[in-house]
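# Understanding the architecture of this molecule
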Amino acid sequence: DMSFEPRLAEKWERIDALTMRFYLRKGVKFHSGNPFTAKDVQFTFNRFYESPDFKGLFEPFDGCPIVDDYTVDINTKKP
């Protein structure tokens, strides 16, 4: 049916015109056994945002603040 299927996030919602909030699935682990948390999402976002290869793709984004261990916001510069 071409709808999105949640995987690493259990759900998401639009907070305002510039913010999407993602609620991460608890219990997800990396191969190392370390838990997957909002810090990992923020680290990956920042890595791509600063990368010379990918920063152009991330130009519309304005940040990835952590709300709590399993919740992260994605901010955009424009709606």
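Refer to the structure presented above.
One structure accompanies this document, and this report is about it. Keep in mind the model is a prediction, meaning the values are calculated, not measured. (Residues numbered from 1 in each chain as written. Predicted model: local features only at pLDDT ≥ 70, side-chain atom pairs only at ≥ 80, totals over all residues. Heavy atoms only, no water.)

## Some remarks on the nonpolar core
Judged by nonpolar contacts, A9, L24, V28, F36, A38, V41, F45, F58, C64, V72 and I74 together constitute the single largest core of eleven residues. Element by element, the count of residues in this core is highest for helix α1 (residues 38-50), at three residues. (Core = buried A, V, L, I, M, F, W, Y, C linked by side-chain atoms within 4.5 Å. Buried < 20%, exposed > 50% of the residue type's maximum accessible area, 1.4 Å probe, protein only. Helix = DSSP H or I, 4+ residues; strand = E, 2+ residues; numbered from the N terminus.)

## Focus: the packing of aromatic side chains
The tally for this structure, following the rule as stated, stands at nine aromatic pairs. Pairing F30 with F36 gives two aromatic rings, centres 6.1 Å apart and planes at 70 degrees, and the pair type is edge-to-face. Residue F30 is classed as partly exposed on the basis of its relative accessible area of 41%. The buried category is assigned to F36, whose relative accessible area is 9%. Considering the side-chain rings of F48 and F54, the 5.0 Å spacing of their centres and the 65 degrees angle between planes classify their relative orientation as edge-to-face. Taken together, the ring pairs in this structure connect F45, F48, Y49, F54, F58 and F61 into an aromatic cluster. Looking at K11, its charged tip hangs above the ring of Y23, at a distance of 4.8 Å from the centre. (Phe/Tyr/Trp six-rings, centres within 6.5 Å; stacked < 30°, edge-to-face > 60°. Lys NZ or Arg CZ within 6 Å of the ring centre and 35° of its normal.)

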